[in-house]
Amino acid sequence: QVQLVESGGGLVQAGGSLRLSCAASGRTFSNYAMGWFRQAPGKEREFVAAFSRGGRRTDYADSVKGRFTISRDNAKNTVYLQMSSLKPEDTAVYRCAAALSGGRTWTGTSPDEYADWGQGTQVTVSS
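Peer 1: Describe the environment of Ser110, and please don't skip the residues or the numbers.
Peer 2: Along the chain, Ser110 falls in the loop between strand 9 (92–99) and strand 10 (116–117). Accessibility expressed as a relative area gives 25% for Ser110, which makes it partly exposed. Separated by 77 residues in sequence, Ser110 and Ala33 have C-alpha atoms that sit 13 Å apart.

In structure tokens form, the structure reads like this:
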């Protein structure tokens, strides 16, 4: 099991930017594919972005393509989510997740494919 701790959330105006971080500990970080998910009040958890454990493959939800960028630094055991051009509909609790499953370039988009989760960080975008 890997422990995950998110940070970087906050309140930002529409059009602004935030960078979320997710620090991992407990296991070899480079063995894990990493994902970001979000959940707004009254809505289901939804996929945001993922980064494979090898091959530097990334995947994004259509709603965030061109605005969000996922990256990872294996030396720092950290995955990032750079969010730009934020919209009020991006308001949610953002959680990072880790998965050992899948191949080297696998990027899962379903929450069920991830075993380990952080507690989340709140992102609020005001209009």
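Peer 1: Got a sec to walk through the pairing of strand 11 (residues 121–126)? Specific residues and values, please.
Peer 2: Side chains Thr121, Val123 and Val125 of strand 11 all project onto a buried face; the interleaved residues Gln122, Thr124 and Ser126 project onto a face where none is buried. Note that strand 2 (residues 10–13) and strand 11 share 4 bridges and pair parallel. Across the sheet, residue Gly10 finds its bridge partner in strand 11, namely Val123. Where strand 9 meets strand 11, 3 bridges bridge the pair, whose relative direction is antiparallel. Its bridge partner being in strand 11, Ala92 is matched across the sheet by Val123.

Peer 1: Explain the sheet that holds strand 8 (residues 78–83) to me, and be specific about the residues and the numbers.
Peer 2: Either a parallel or an antiparallel arrangement is found when strands of a sheet pair, and the pairing is made through backbone hydrogen bonds. On the basis of which strands lie adjacent, the open sheet formed by 4 strands has the order 1-3-8-7 and antiparallel pairing. Each edge of the sheet is formed by a strand with only one pairing partner; in this case those strands are strand 1 (3–7) and strand 7 (68–73). In this sheet, adjacent strand axes meet at a mean angle of 15° when their direction is disregarded. Across 6 bridges, strand 3 (residues 18–25) lies against strand 8 in antiparallel orientation. Pairing of Leu20 across the sheet is with Leu81, part of strand 8.

Peer 1: Go over the pairing of strand 5 (residues 46–51) with me, naming the residues and quoting the values.
Peer 2: Judged by how many residues are buried, strand 5 sits mostly within the fold: 5 of 6 residues are covered. The pairing of strand 4 (residues 33–39) with strand 5 spans 5 bridges and is antiparallel. By the bridge assignment for strand 5, Gly35 is matched with Ala50. Here 3 bridges tie strand 5 to strand 6 (residues 58–60), and the two strands are oriented antiparallel to one another. Bridging across to strand 6, Ala50 finds its partner in Asp59. Hairpin geometry of strand 5 and strand 6 is characterised by an intervening segment of 6 residues between the two adjacent antiparallel strands and by a positive phi of about 75° at Gly55.

Peer 1: Describe the state of the cysteines, listing the residues and the values that go with them.
Peer 2: Taken as a whole, this structure holds 1 disulfide when the rule is applied. There is a disulfide in this structure between Cys22 and Cys96, and the S-S distance comes to 1.9 Å. An S-S torsion of about 55° defines the bridge between Cys22 and Cys96 as right-handed. Placement of Cys22 in strand 3 and of Cys96 in strand 9 is noted, with a sequence separation of 74 residues between them. Assigned by exposure class, Cys22 and Cys96 land together as buried.

About the cut-offs
- Residues numbered from 1 in each chain as written.
- Predicted model: local features only at pLDDT ≥ 70, side-chain atom pairs only at ≥ 80, totals over all residues.
- Heavy atoms only, no water.
- Helix = DSSP H or I, 4+ residues; strand = E, 2+ residues; numbered from the N terminus.
- Buried < 20%, exposed > 50% of the residue type's maximum accessible area, 1.4 Å probe, protein only.
- Pairing = 2+ DSSP bridges.
- Axes fitted to C-alpha atoms, helices over the stretch in contact; angles between N-to-C directions.
- Disulfide = S-S within 2.5 Å.

All we've got here are geometric facts, nothing functional implied.
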